[in-house]
Amino acid sequence: MVPLNIDGKALGDDIAKFVIDNHEALNIKYVIWYQRIYNVERADEGWRKMPDRGGDTQNHKDHPHVSFQTDSKGAPKDAAGKGGKGGGSDDSDDGNADNVNCEADGTGGGSGDDDIPDDGRKNPGAWGGHKNGEIPTDKLKKIPWTPDSKKEYLRKDATEALIAMNKAYKKEFNTDIAITDAYRDLAEQKVLYKRYGPGRAAVPGKSNHGWALAVDCGGGINKFGSPQHKWMQKNAKKFGWEHPPWAREGQKNQEAWHWEYYGKNKETEA
Ligand SMILES: [Zn+2]
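Rules of the game
Residues numbered from 1 in each chain as written. Predicted model: local features only at pLDDT ≥ 70, side-chain atom pairs only at ≥ 80, totals over all residues. Heavy atoms only, no water. Helix = DSSP H or I, 4+ residues; strand = E, 2+ residues; numbered from the N terminus. Buried < 20%, exposed > 50% of the residue type's maximum accessible area, 1.4 Å probe, protein only. Contact = heavy atoms within 4.5 Å. Areas by Shrake-Rupley, 256 points an atom, 1.4 Å probe, with all protein chains shown as cover. Core = buried A, V, L, I, M, F, W, Y, C linked by side-chain atoms within 4.5 Å. Donors = N, O, S within 2.8 Å, 3.2 Å for Na, K, Ca; no water.

Participant: Give me the lowdown on the overall build of the chain, citing residues and values where you can.
Facilitator: Helix and strand counts for the chain come out as six helices and 10 strands. Counting every position in the chain, which comprises 270 residues, the buried fraction comes to 44%. Sequence-distant contacts in the chain: of pairs separated by 6 or more residues, those separated by 24 or more amount to 60%. Accessible surface, the chain: about 14400 Å² in total, of which carbon and sulfur atoms supply 50%.

Set out below in structure tokens:
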């Protein structure tokens, strides 16, 4: 806890800055401080405002809330323990923020992301109780301008958002967004994995193509620095589409062509 005065605010600012500056070494996922959240995976958006949850504790004005990356079992990775000491901050000395008493609006579910404000955007992933690559066709919607010889599908809302984005894109470039791939069923993922292997193709059953929430684009979007790619970087987010952090330029497995549907950001809908 930090005192609720100007010194406390300064201390919290320092802690938050320290944690963000050292996010890699400390395995930081996100920091909440002063009713704002900074998510390392969404660093390009910086600090984002959070809804008022009532008190100073709920609004994280008396303590910075630090969340660490966890392994698949939900335990913090090795470096997490350093956070408490290094940051000199969190009241939970194991660095695990789950038991910190500030998740007042608990949306349930028990996932580590519960205290990220619901602004309508989520990392793409499992939905509807379906299995990756085994989604029934009636839950999907065809991307209208893909040819009958190579029909491409996405989850309905993702296709709707793509249609809206395509309208804007077409105004600028006078052509549809070229789609080279979208939903991939399990068989298709296995073929690609065999052909390209780890790094170039996702492990079958893990790909966001298998959740019908990813597209691969051509027509220039597939080249970093092209006008088409730049347009996407600037505009896709308005339609709920994003270039995921791992695919960005300079990343080991960079893929200019791969875009994912995160959903609409309510803040930008107005
Ligand atoms: Zn892809």
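Participant: Would you mind going over the nonpolar core in detail, with residue names and values included?
Facilitator: Ranked by size, the top nonpolar core spans 27 residues in total, and within it Leu162, Met165, Val215 and Trp241 carry the most contacts. Those elements giving two or more residues to this core turn out to be helix H4 (156–173), strand E8 (214–217), helix H6 (227–235) and strand E10 (258–261). With five residues, H4 is the single largest residue contributor to this core. Those residues in contact with Met165 that lie beyond four places of it in its chain are Ile177, Trp231, Met232, Ala236, Phe239 and Trp241. Ranked by size, the runner-up nonpolar core spans 13 residues in total, among them Val2, Val19, Ile20 and Leu26.

Participant: Hey, could you go over the coordination of the zinc ion for me, with residue numbers and the actual values?
Facilitator: Looking at the zinc ion, the protein donor atoms are His209 (NE2), Asp216 (OD) and His258 (ND1), and they sit 2.0 to 2.1 Å from it. When its relative accessible area of 7% is taken as the criterion, Asp216 is described as buried. For His258, a relative accessible area of 4% gives the class buried.

Participant: I'd love a proper account of the environment of Pro64, names of residues and values included.
Facilitator: Its place among the elements puts Pro64 in the loop between strand E3 (48–49) and strand E4 (65–68). Looking at Pro64, the relative accessible area reads 4%, which means it is buried. Taking the C-alpha atoms as reference points, Pro64 and Ile37, 27 residues apart in sequence, are found 9.9 Å from one another.

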